[in-house]
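Chain residues, written in single-letter form:
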Amino acid sequence: MTIPFSAVEAAKMIKTKKISAIELTTEAFSAIKNVELSVSACITTLENEALDRARVVQTRIDAGEAHSPLFGVPMMVKDNICVKGVAATCGSKMLGNFTPPYNASVYERLLEAGAILTAKTNLDEFAMGGSTETSYFGVTKNPWDVTRVAGGSSGGSAAAVASGETFYALGSDTGGSIRQPCSFCGVSGIKPTYGAVSRYGLIAYASSLDQIGPIGADIRDCAAVLSIITGKDPKDSTSVEQSAGLDEDLSSMIAETDPIDIAGMRVGIPADYFGDGLDNGVKAAVMNAAKILEGLGASLVDIKLPLVKYAVPAYYVIACAEASSNLSRYDGVKYGFSSGETENLDQLYVNTRGEGFGAEVKRRVMLGSFVLSSGYFDAYYKKGLQARELIQRDFFSAFELCDVILSPTAPTVAYKIGENISDPVKMYLGDIYTVSVNLAGLPAVVIPCGFSDDMPVGMQLTGRRFDEKTLIKTAWAFQKNTDFHVKRPSIWKEGVK
Ligand code: GLN
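What counts, and where the lines are drawn
Residues numbered from 1 in each chain as written. Predicted model: local features only at pLDDT ≥ 70, side-chain atom pairs only at ≥ 80, totals over all residues. Heavy atoms only, no water. Helix = DSSP H or I, 4+ residues; strand = E, 2+ residues; numbered from the N terminus. Rg over C-alpha atoms; globule rule 2.2 N^0.38 Å. Buried < 20%, exposed > 50% of the residue type's maximum accessible area, 1.4 Å probe, protein only. Contact = heavy atoms within 4.5 Å. Areas by Shrake-Rupley, 256 points an atom, 1.4 Å probe, with all protein chains shown as cover. Lys, Arg positive; Asp, Glu negative; His and termini not counted. Charge placed at Lys NZ, Arg CZ, Asp CG, Glu CD. 1 Å grid on protein atoms, 1.4 Å probe; cavity = no way out; pocket = protein on both sides within 12 Å on 5 of 7 lines; lining within 4 Å. Points joined across faces, edges and corners; volume = space filled by probe spheres on them. Nonpolar A, V, L, I, M, F, W, Y, C, P; charged D, E, K, R; others polar. Core = buried A, V, L, I, M, F, W, Y, C linked by side-chain atoms within 4.5 Å. Polar contact = N/O pair within 3.5 Å; in protein donor to acceptor, adjacent residues only side chain to side chain. Pairing = 2+ DSSP bridges. Axes fitted to C-alpha atoms, helices over the stretch in contact; angles between N-to-C directions. Expected span 1.5 Å × (residues − 1). Arc of directions from axis to C-beta. Near = heavy atom within 4 Å. Right-handed = clockwise from strand over helix to strand, strands pointing away. Phe/Tyr/Trp six-rings, centres within 6.5 Å; stacked < 30°, edge-to-face > 60°. Lys NZ or Arg CZ within 6 Å of the ring centre and 35° of its normal.

## Digging into the overall build of the chain
- Counting its regular elements, the chain contains 17 helices and 13 strands.
- Its C-alpha radius of gyration of 21 Å places the chain within 12% of the 23 Å reference for a compact globule of 497 residues.
- Considering only C-alpha atoms, the chain reaches an extent of 65 × 55 × 45 Å along its principal axes.
- By residue count, 61% of the 497 residues in the chain fall in the buried class.
- Considering only contacts within the chain whose residues lie at least 6 apart along the sequence, 77% involve residues at least 24 apart.
- Counting every atom, the chain has about 18200 Å² of accessible surface; 54% of that belongs to carbon and sulfur.
- One way to put it: in the chain the 47 positive side-chain charges average out to a point 1 Å from where the 56 negative ones average out.

## Overview of the layout of surface pockets
- In this structure, the largest pocket encloses a volume near 530 Å³.
- Elements represented by at least two residues in the lining of the largest pocket include exactly helix H6 (179–185), helix H10 (308–326) and helix H14 (424–429).
- Its residues assigned to classes, the lining of the largest pocket shows 14 nonpolar, 8 polar and 9 charged.
- Volume-wise, the second largest pocket comes out at about 420 Å³.
- Lining the second largest pocket are 17 residues; nearest its centre among them are Ile-3, Glu-27, Ala-31, Gly-164 and Trp-492.
- Every element with two or more residues in the lining of the second largest pocket is listed here: helix H2 (21–39) and helix H17 (491–494).

## Let's talk about the nonpolar core
- Among the nonpolar cores identified, the biggest contains 157 residues, and Phe-126 and Tyr-168 are the most heavily contacted of them.
- The dominant element in this core, judged by the number of residues it contributes, is H10, at 10 residues.
- With near-sequence residues (within four places) excluded, Tyr-168 lies in contact with Ala-7, Leu-70, Val-73, Pro-74, Met-75, Met-76, Leu-110, Ala-115, Val-161, Ile-215, Gly-216 and Val-225.

## Re the side chain of Arg-220
- Secondary-structure assignment places Arg-220 in helix H7 (residues 219–229).
- Using a relative accessible area of 2% as the deciding quantity, one classes Arg-220 as buried.
- Of note is the side chain of Arg-220, whose polar atom sits 2.6 Å from the side chain of Glu-9.
- Residues contacting Arg-220, with those up to four places away along its chain left out, are Ser-6, Val-8, Glu-9, Lys-12, Met-253, Ile-254, Glu-256 and Trp-476.

## Concerning the sheet that holds strand E12 (residues 444–452)
- Read across the sheet, 11 strands follow the order E1-E3-E2-E6-E8-E7-E12-E13-E11-E9-E10 without closing on themselves; strand pairing throughout is mixed. Of all the strands in the sheet, the pair left with one neighbour each is strand E1 (42–45) and strand E10 (299–303). Strand after strand, the sheet turns through a mean of 30° between neighbouring axes, direction not considered.
- Taken together, the 2 bridges between strand E7 (residues 188–191) and strand E8 (residues 211–216) define a ladder with antiparallel strand orientation. Bridging across to E8, Gly-189 finds its partner in Ile-215.

## Quick word on helix H5 (residues 155–162)
- Buried residues dominate H5, accounting for 8 of its 8 residues.
- Listed in full, the buried residues belonging to H5 are Gly-155, Gly-156, Ser-157, Ala-158, Ala-159, Ala-160, Val-161 and Ala-162.
- Phi for Gly-164, located one or two positions after H5, is positive at around 85°.

## What to know about the environment of Glu-294
- Along the chain, the position of Glu-294 falls in helix H9 (residues 280–295).
- As a C-alpha pair, Glu-294 and Glu-468 span 174 residues in sequence and 20 Å in three-dimensional space.

## Things to note about H9
- For H9, spanning 16 residues, the distance from its first C-alpha to its last is 22 Å, which sits close to the expected 22 Å at 1.5 Å a residue.
- All of the buried residues along H9 are Val-282, Ala-285, Val-286, Ala-289, Ala-290 and Leu-293. The buried residues of H9 all sit within an arc of 145° when viewed along its axis, so they share a single face. Every exposed residue of H9 that faces more than 90 degrees away from the buried side is listed here: Asn-280, Lys-291 and Gly-295.
- The secondary structure elements touched by the buried residues of H9 are strand E9 (266–270), E10, strand E11 (404–408), E12, strand E13 (455–462) and helix H16 (468–480).
- Of the residues flanking the start of H9, the one acting as N-cap is Asp-279, its side-chain oxygen 3.1 Å from the backbone nitrogen of Gly-281.

## Some thoughts on the site of the ligand
- In the vicinity of the ligand there are 14 residues, among which Thr-174, Gly-175, Ser-177, Tyr-205 and Tyr-315 approach most closely.
- Side-chain polar atom of Arg-364 to an oxygen atom of the ligand: 2.8 Å apart, as the coordinates give it.
- Between a nitrogen atom of the ligand and a side-chain N or O atom of Asp-431, the distance comes to 3.0 Å.
- Across the complex, the protein chains shield 99% of the 290 Å² of accessible surface that the ligand would expose by itself.
- A breakdown of the residues in the shell around the ligand according to their chemical character gives 5 nonpolar, 6 polar and 3 charged.

## Notes on the pairing of strand E2 (residues 74–78)
- Burial analysis of E2 places 5 of its 5 residues in the buried class, which makes it a mostly covered element.
- Side chains of E2 alternate between two faces, with Pro-74, Met-76 and Lys-78 and Met-75 and Val-77 buried alike.
- As defined by bridge partners, E2 adjoins strand E3 (residues 116–121) across 5 bridges and the pair is classed as parallel. In the sheet register, Val-77 faces E3, and the bridge partner there is Lys-120.
- At this point the chain moves from E2, through helix H4 (residues 105–112), to the parallel E3, and the crossover so formed is right-handed.

## Here's the deal with the packing of aromatic side chains
- Taken as a whole, this structure holds 18 aromatic pairs when the rule is applied.
- An angle of 20° between the planes, with centres 6.1 Å apart, marks the rings of Phe-478 and Phe-484 as stacked.
- For Phe-484, a relative accessible area of 16% gives the class buried.
- An aromatic cluster is present here, built from Phe-98, Phe-126, Tyr-330, Tyr-335 and Phe-357 joined pairwise through their rings.
- The ring of Phe-5 carries Arg-488 above its face, with NZ or CZ at 4.1 Å from the centroid.
- Here the basic side chain of Arg-488 rests over the ring of Trp-492, its NZ or CZ set 5.1 Å away from the ring centre.

The following block contains the structure:
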């Protein structure tokens, strides 16, 4: 029996009794065993727990209770999202011994929808990074070429989907952490509108930017996950109910009852995103995607987003400021790593934070404390907030001319492990196309659209707030007419050790 790539298709097989949730979970672990040694996508694997859970889920399926589009499908969760009783390390020594006593709301919702958790996935320490190289638990490798990075910070989740270890995974995105690894690994992902998904149980990096979202083999799988996790949660006051109709639209798309038609869709092409610094192969793949969309009836519109040059500095000022505040809770007293016996409390803080955090986290805490300090607040933090406001306005004006914005996701394809890690500024500049979306609180999707240097290239579609529907529709129309998303790295089949 061939197991499909798609989580939605796998769920259909379960529902029609072609395969059981237990068999599918067993298959998932055989894939994990085949590739995990080469890819290192996971921090914790949960084979016994998953098989126990699969048996419970199967009983519900047998009782006719498989009510969600993903019921009985194995999945993974990024290790900065809390699952009760399972370590949530956040890729850090600081939380290496932390086991949350509660579930994140997104996970609660997925449990109710029949999800089977097989592993917690690797990430850059505290989600700070773009290559999963800053994880305390080692580097995740790109399944297309294991000498290259998987991207980050949700590198483990993207690599696990790309290598066939899981059908879908949750990631989090503060400045591109779902989208950039999707681009690097040739898989699909959604960064939802700020507030569309509850952050309760997501270990905070920068609270005004963080969102949880799905990574999957295609955009329909991601839409299915989003339909489950989106919505108001009383435990997160920044979460809101999605605009009416999203559920119905997603359900009909998932069930493929209505044909997808994007005729007349206005696709904005920001010239400012296609200039210096963009790799030629990436540019060619994204421009080709624009042609494909045009061929499907969309019209291409030139738009301007001139403030993109301020996005990276504004993002790093704001994200680091929030991080320095959020990470002040790790003090060796309440939970997580503690350096142990010291002469006094101050020394305990210094030792714990000195030993528990890695270099990148320390750099950001220092930068954040600096921009928030009384002498520099106006010059940096306040300026950052002002730039953020202007960037939002740039997007709002652009959306008067178009319905979605097409852009690259990252300036390059996945680079070699170790190539950029010693140059933080170069790493930060890699976030140029993604961070402005978080600053403006907008939704964006990334889907594969070609190859450069034999590595996948992902295109980014950005939309209006709470208009995930249009993005998903456009992306699904693209995927129904192309085959980039069904291409798989050779590791998928061979299980190279
Ligand atoms: N690469 C960006 C950063 O390092 C984004 C990270 C993220 O989205 N979590 O901050």
